[in-house]
Amino acid sequence: MNLHEYQSKELLKKYNVPVQEGFACGTVHEAEEAYRQIKTLYGSNFAVVKAQIHAGGRGKGTVKETGINGVKVGKSLDDIIDIAKKILGNTLVTIQTGPAGKVVHKILVAQDMYYDSTSPRKKFYLSKLLDRSRRQNIIMYSTEDGMNIEDVAHNTPEKIFKEWVHPSGGLQAFQARKIAFNLGLTGEAFKNCARFVTNLYNAYQGLDCSMLEINPLFKAADDKIIAVDCKMNLDDNALVRHADLASMRDTSEEDPTEVEAGKYNLNFVKLDGNVGCMVNGAGLAMATMDMIKLSGGEPANFLDVGGTANAQTVEAGFKIILKDPNVKAILINIFGGIVRCDRVAQGVIDAYNNLDNIRIPIIVRLQGTNAEEAKKLIDESGLKVQSAILLSEAAELVKRAVA
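(A) Broad picture of the pairing of strand β9 (residues 136-142). Extensive coverage of β9 is indicated by the burial of six of its seven residues. With six bridges joining them, β9 and strand β10 (residues 160-165) adopt antiparallel strand pairing. The residue bridging Y141 from the neighbouring strand is F161, located in β10.

Below, the structure is given as structure tokens:
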């Protein structure tokens, strides 16, 4: 589950991680009030306005309707009002959103960390995630500004440092000091950085994050180490331990069909192809998508109905797949191990009868328990559903459907 920057920062503060302070705003009026509070608290006329969307590259992104960037600095109340009007409710396009962009429903009006200062300061990059190859958490960090961290990794990989953390021991004090040393920090900044890294790792573990990125990590003029930006992903499988965090989910930032699929406990990922897939089991789903490509088609989705497929889940799957206008055919590929094939077949028939907008070929391949009975049910249903038992038969039917 992805979180917005303002949500991530609020969680980090609970772990004593210093962050750039700010106020989330959904209206221009709220932005005005936020600016007044920031001016009172920090005595500066400067404030930064950040679009809140689930995508990176906001500072380089462009608002379609107004042409401004997704991160702007205001030097007065009038500036803040103007920026808020040009961002809120409009579509921000970044390198990560694609050309469609994302509508900005909230902005973060935050204290300025850069422009209203002539004192020495420096920006770094730091992230924490799981290294699956080593089965350990990894801390990646760099002395370079994280604005172009991908370019740094490509052009000067020696400037990207890595520190692995063994799961049984956790982050050790010497590792936190090593990170501060490699960032070139000394004195009070060194101590603050070691403390920052330790607290940040505690947040990463305590919140069950799958990824936690601070970009940039900022050394202020007074040697404080501050998270100016934060991108946080939470492990969906761990949300049972964090009921309070589950409520922070912003479904407006997610694909509507994926949100709907979640209501039926369907594992669904939308793709760009022309053949809809409905399968039970992730491994079989991957094999099915390979088969579709070999048959000349392109998978339009990944949809796993799980091991308890029934009429309700099959019908929900149909509805979700049919929302994609690019789908020219639907392939249902079920292995009847836990579930009987004849029950799945009856579910397909019932779902087909309940839906009146199916105008594309439906191919059903059932293998396993009662596969022959299932094929007979479909063949005798009188519906425009093509059945198969062998994978090669299903592949040939898909090939004809997309030809």
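(B) Highlighting the sheet that holds strand β1 (residues 22-25). Here four strands make up an open sheet; going across it, the order is β1-β7-β2-β4 and the pairing antiparallel. Looking at strand neighbours, the two that pair on one side only are β1 and β4 (71-74), the edges of this open sheet. For this sheet the average axis-to-axis angle between neighbouring strands, irrespective of direction, equals 20°. Bridge count between β1 and strand β7 (residues 106-111): four bridges; the pairing is antiparallel. The residue bridging F23 from the neighbouring strand is V109, located in β7.

(C) Looking closely at helix α8 (residues 256-263). Inspection of α8 places T257, V259, E260 and A261 among the buried residues, and these make up the whole buried set. Buried residues along α8 sit in contact with β14 (267-270) and α10 (311-322). A positive backbone phi angle near 60° is found at N265, which sits one or two residues after α8.

(D) Spatial organisation of the pairing of strand β11 (residues 209-219). With ten of eleven residues buried, β11 is to be regarded as a mostly interior element. As judged from the seven bridges shared by strand β8 (residues 122-131) and β11, these two strands associate in the antiparallel manner. Bridge pairing in β11 places K128 opposite L212. Both β11 and strand β13 (residues 230-234) contribute to a ladder of five bridges, which runs antiparallel. Bridge pairing in β13 links L212 to M232. Of the pairings in the sheet, the one linking β11 to strand β12 (residues 225-227) comprises three bridges and is antiparallel in character. Considered in β12, the bridge of F218 is made with I226. Where β11 folds back onto β12 in an antiparallel hairpin, the turn is made up of five residues, including D223, whose phi is positive at roughly 75°.

(E) Layout of the environment of A351. On the secondary structure map, A351 appears in helix α11 (residues 341-354). Beyond its immediate stretch of four places on either side in the chain, A351 contacts A311, V314, E315 and F318.

(F) Fine view of unusual backbone geometry. The residue after N215, namely P216, is reached through a cis peptide bond having omega 10°. As for its placement among the helices and strands, P216 is situated in strand β11. Phi at R135 takes a positive value of approximately 60°, unusual for a residue other than glycine.

(G) Examining the packing of helix α5 (residues 173-182) against helix α6 (residues 187-206) more closely. Look at α5 against α6: their axes get within 8 Å of each other, and the N-to-C directions meet at 130°. Accordingly, the angle class assigned to the pair α5 and α6 is oblique. You can see that α5 and α6 cross each other, and the crossing is right-handed. On the side of α5, the interface is formed by A176, R177, I179, A180 and F181, while α6 contributes F190, C193, A194, V197 and T198. Taken together, the residues that form the contact of α5 with α6 break down as eight nonpolar, one polar and one charged.

(H) Structural detail: the environment of P299. Positionally, P299 belongs in the loop between α9 (282-294) and β16 (301-304). On the accessibility criterion, P299 (9% relative accessible area) is buried. Sequence separation between P299 and G170 is 129 residues; the distance between their C-alpha atoms is 42 Å. Contacts of P299, omitting those with residues within four sequence positions, involve L271, D272, G273, N274, V275, C277, M289, I292 and K293.

(I) Region of the structure containing the packing of helix α2 (residues 28-42) against helix α3 (residues 77-87). Viewed as axis vectors pointing N to C, α2 and α3 meet at an angle of 145°, and their least axial separation amounts to 9 Å. Here the hand of the crossing between α2 and α3 comes out right-handed. Where α2 approaches α3, its residues V28, A31, E32, Y35 and R36 are matched on the opposing element by L77, I80, I81, A84 and K85. For the contact of α2 with α3, a count of residues per class yields seven nonpolar, no polar and three charged.

(J) Spotlight on the packing of aromatic side chains. Enumeration according to the criterion identifies two aromatic pairs in this entry. Consider the rings of Y141 and F161, whose centres lie 5.3 Å apart with planes at 20°: the pair is stacked. In this pair, Y141 is assigned in strand β9 and F161 in strand β10, connecting sequence segments 20 residues apart. By relative accessible area, F161 is classed as partly exposed at 25%. With a centroid separation of 6.0 Å and 35° between ring planes, the pair formed by Y201 and Y204 is classed as tilted. Linking Y201 with Y204, this pair stays in helix α6, spanning three residues, or about one helical turn. Taking relative accessible area as the criterion, Y201 reaches 4% and is therefore assigned buried. Taking the ring centre of W164 as reference, the NZ or CZ of R134 above it sits at 3.6 Å.

(K) Examining the nonpolar core more closely. One finds L12, I139, M232 and L234 to be the most contacted residues of the largest nonpolar core, which totals 39 residues. Secondary structure elements with two or more residues in this core: α1 (5-13), β8, β9, α5, α6, β11, β12 and β13. A total of nine residues in this core trace back to one element, the largest contributor, which is α6. Counting residues in hydrophobic clusters, the runner-up holds 33 residues, among them A261, A300, I362 and V385.

Conventions adopted
Residues numbered from 1 in each chain as written. Predicted model: local features only at pLDDT ≥ 70, side-chain atom pairs only at ≥ 80, totals over all residues. Heavy atoms only, no water. Buried < 20%, exposed > 50% of the residue type's maximum accessible area, 1.4 Å probe, protein only. Helix = DSSP H or I, 4+ residues; strand = E, 2+ residues; numbered from the N terminus. Pairing = 2+ DSSP bridges. Axes fitted to C-alpha atoms, helices over the stretch in contact; angles between N-to-C directions. Contact = heavy atoms within 4.5 Å. Parallel < 35°, antiparallel > 145°, perpendicular 65-115°, else oblique. Left-handed = near helix turned anticlockwise from the far one by under 90°. Nonpolar A, V, L, I, M, F, W, Y, C, P; charged D, E, K, R; others polar. Phe/Tyr/Trp six-rings, centres within 6.5 Å; stacked < 30°, edge-to-face > 60°. Lys NZ or Arg CZ within 6 Å of the ring centre and 35° of its normal. Core = buried A, V, L, I, M, F, W, Y, C linked by side-chain atoms within 4.5 Å.

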